[in-house]
Amino acid sequence: MSILEATKIHKSYGNKFTKQHVLEGINLTIEKGEFVTIMGASGSGKTTLLNVLSSIDRVSHGTIKIDGQVITGQKDKKLAEFRKHHLGFIFQDYNLLDTLTVKENILLPLSIANVKKKQANERFQEVAEELGIKEIENKYPNEISGGQKQRTSAARAFIHDPSIIFADEPTGALDSKSASDLLSKLGRLNERKEAT
């Protein structure tokens, strides 16, 4: 069963005099539970593709369907609600809130979704143990390493069991050992939770 279908995706920037075509007619289908990597040269449109597929940016033309729902053309409020329940994000620069602890950063999606405290704590324990960050749950982002920050970001993406998780260069800011460790842990979560 496909979790994501993109049909004839186009994305352009600029006006009619300075238009730059970044994506031209992309078709893509991703099956539930797949672990997909997109590779290409710098400036080839990888981040733009991820941004439109994940609804961070809008397509110029084309249709994107996630978990059976067409997300292209949805109003901002409806799209935000869809994101809250169906999508997870892991960013290269972590996007952690400095005033929240590791645990509070991870639990943020559940807090926004009004998940009960007991259930939220159970989910936290599970994902924090899987990613090896249980012992740093009360530390703040400025007190932990880059690898720990990225594992915190990954835990936040997985915590609400989204339909699909988007990761834009999740290992780009990490040394090779930390990158390998993170990818291994993401692979295990992909298999165990059938996360796409």
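Colleague: Can you help me understand the packing of aromatic side chains in this one?
Modeller: A ring pair, where both rings are aromatic, is described by two values, the distance of the centres and the angle of the planes. One pass over the structure, following the stated rule, counts two aromatic pairs. Taken together, a centroid distance of 6.3 Å and an interplanar angle of 25 degrees make the contact between F89 and F166 stacked. Within this pair, whereas F89 is found in strand β5 (residues 87-91), its partner F166 is found in strand β6 (residues 164-168), the two being separated by 77 residues in sequence. Given the relative accessible area of 7%, F166 is considered buried.

Colleague: What am I meant to see in unusual backbone geometry here?
Modeller: One can expect most non-glycine residues to show negative phi and most peptide bonds to be in trans. Even without a glycine there, the phi angle at D67 is positive, about 55 degrees. Take D67: it is sitting in the loop between β3 (61-66) and β4 (69-70). Overall, D67 belongs to the partly exposed group, its relative accessible area being 29%. Phi at N95 takes a positive value of approximately 55 degrees, unusual for a residue other than glycine. For N95, the location among the structural elements is in the loop between β5 and α3 (102-112).

Colleague: Sorry, what's going on with the nonpolar core here?
Modeller: Across soluble globular proteins, you tend to see nonpolar side chains buried next to one another. Counting residues in hydrophobic clusters, the biggest one holds 27 residues, and the most contacted among them are I106, V127, L131, I133, F158 and I159. Mapped by element, the contributors of at least two residues to this core are α3, α4 (117-130), α5 (146-158) and α6 (176-193). Every residue in contact with V127, bar those within four places of it in the chain, is listed here: I106, A155, F158 and I159. In this structure, I3, I64, I66 and I164 belong to the second largest nonpolar core, which totals 20 residues.

Colleague: Help me understand α3 in this model?
Modeller: Given 3.6 residues per helical turn, the α-helix brings residues three or four places apart onto the same face. When we look at burial in α3, the residues that qualify are V102, K103, N105, I106, L107, P109 and L110. Positive backbone phi, at 60 degrees, marks N114, one or two positions downstream of α3.

Colleague: When you look at the pairing of strand β2 (residues 20-31) in this model, what are you seeing that I'm missing?
Modeller: As a general feature of sheets, a regular strand has side chains that alternate between the two faces. The pairing of strand β1 (residues 2-13) with β2 spans nine bridges and is antiparallel. Across the sheet, the residue bridging to L4 is I30, located in β2. Connecting the antiparallel pair β1 and β2 is a turn made up of six residues, with G14 showing a positive phi of about 95 degrees.

Analysis parameters
Residues numbered from 1 in each chain as written. Predicted model: local features only at pLDDT ≥ 70, side-chain atom pairs only at ≥ 80, totals over all residues. Heavy atoms only, no water. Phe/Tyr/Trp six-rings, centres within 6.5 Å; stacked < 30°, edge-to-face > 60°. Helix = DSSP H or I, 4+ residues; strand = E, 2+ residues; numbered from the N terminus. Buried < 20%, exposed > 50% of the residue type's maximum accessible area, 1.4 Å probe, protein only. Core = buried A, V, L, I, M, F, W, Y, C linked by side-chain atoms within 4.5 Å. Contact = heavy atoms within 4.5 Å. Pairing = 2+ DSSP bridges.

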